[in-house]
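Residue strings, one per chain:
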Amino acid sequence: MNRTSPVKLDDCGLVKAAEILGDKWVLMILREVFYGVVRFDDIRNEIAIPRAILADRLKKLVEFQILRKRAYQEPGSRKRFAYQLDVAGMELVKVMLATMEWGDRFLRNQPSKAVFFDQHTGEPAEIKLVNQAGAELSLADLQVKLN
């Protein structure tokens, strides 16, 4: 049986996202910024990334509005930049948390070292697939409908 995907590659958000996020350095940079490591040299030292590659990836992440630059200056030093999650980056955190959860469960076979909590209730937070009413869904509950 010959099957085709219901969504062409050019129309697929997953394909477009993979063009940006499919590089291991990009995910590692985003991980560091998510955890609060936001200065160029600190990111470089933390993940042992070559300077030119880090500069290139940060430039792309800023262009796609995943990160934004914030200027800072230490006394007696030149102006430098720190990086923060921009709107698209904040939305991407859900994907990163789900990917981290998947990696811990299926690749590390261990609970995550980082556990996230609701800061208001103290309840553990987890990534779930839910409908608009908040009911949890399984993959078997999903159906593709094309616009």
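Calculation criteria
Residues numbered from 1 in each chain as written. Predicted model: local features only at pLDDT ≥ 70, side-chain atom pairs only at ≥ 80, totals over all residues. Heavy atoms only, no water. Salt bridge = Lys/Arg side-chain N within 4 Å of Asp/Glu carboxyl O. Buried < 20%, exposed > 50% of the residue type's maximum accessible area, 1.4 Å probe, protein only. Core = buried A, V, L, I, M, F, W, Y, C linked by side-chain atoms within 4.5 Å. Helix = DSSP H or I, 4+ residues; strand = E, 2+ residues; numbered from the N terminus. Contact = heavy atoms within 4.5 Å. Phe/Tyr/Trp six-rings, centres within 6.5 Å; stacked < 30°, edge-to-face > 60°. Lys NZ or Arg CZ within 6 Å of the ring centre and 35° of its normal.

(A) Highlighting the pattern of salt bridges. Scanning the entire structure with this criterion turns up 12 salt bridges. Of the charged contacts, one joins Asp56 and Arg57 as a salt bridge, the two residues approaching to 2.9 Å between their closest N and O atoms. Note on Asp56: relative accessible area 30%, which makes it partly exposed. The residue Glu126 makes a salt bridge to Lys128 at a minimum N-O spacing of 2.8 Å. Classification of Lys128 as partly exposed rests on a relative accessible area of 41%. Salt bridges linked by common partners bring Asp23, Asp56, Arg57 and Lys60 together as one network.

(B) Quick peek at the nonpolar core. Counting 25 residues, the largest nonpolar core has Ile29, Leu30, Val33 and Leu67 as its most contacted members. Those elements that place two or more of their residues in this core are α2 (24-34), α3 (40-47), α4 (51-63), β1 (67-72), β2 (80-85) and α5 (87-108). For this core, the element with the most residues is α2, which contributes 5 residues. If we skip the residues at most four places from it in the chain, Leu30 touches Leu21, Leu61, Ile66, Leu67, Leu85, Leu92 and Met96.

(C) Expanded view of the packing of aromatic side chains. Counted according to the given criterion, the structure contains 3 aromatic pairs. Aromatic side chains Trp102 and Phe106 sit 6.2 Å apart centroid to centroid with 40° between the ring planes, which places their arrangement in the tilted category. Here Phe106 and Trp102 lie together in helix α5, a separation of 4 residues that amounts to about one turn. Classification of Trp102 by relative accessible area gives partly exposed; the value is 46%. We classify Phe106 as partly exposed; its relative accessible area is 46%. By the ring-pair criterion, three or more aromatic residues cluster together here, those being Phe34, Tyr35 and Phe116. A cation over an aromatic ring shows up here: Lys24 above the ring of Trp25, its NZ or CZ 4.6 Å from the ring centre.

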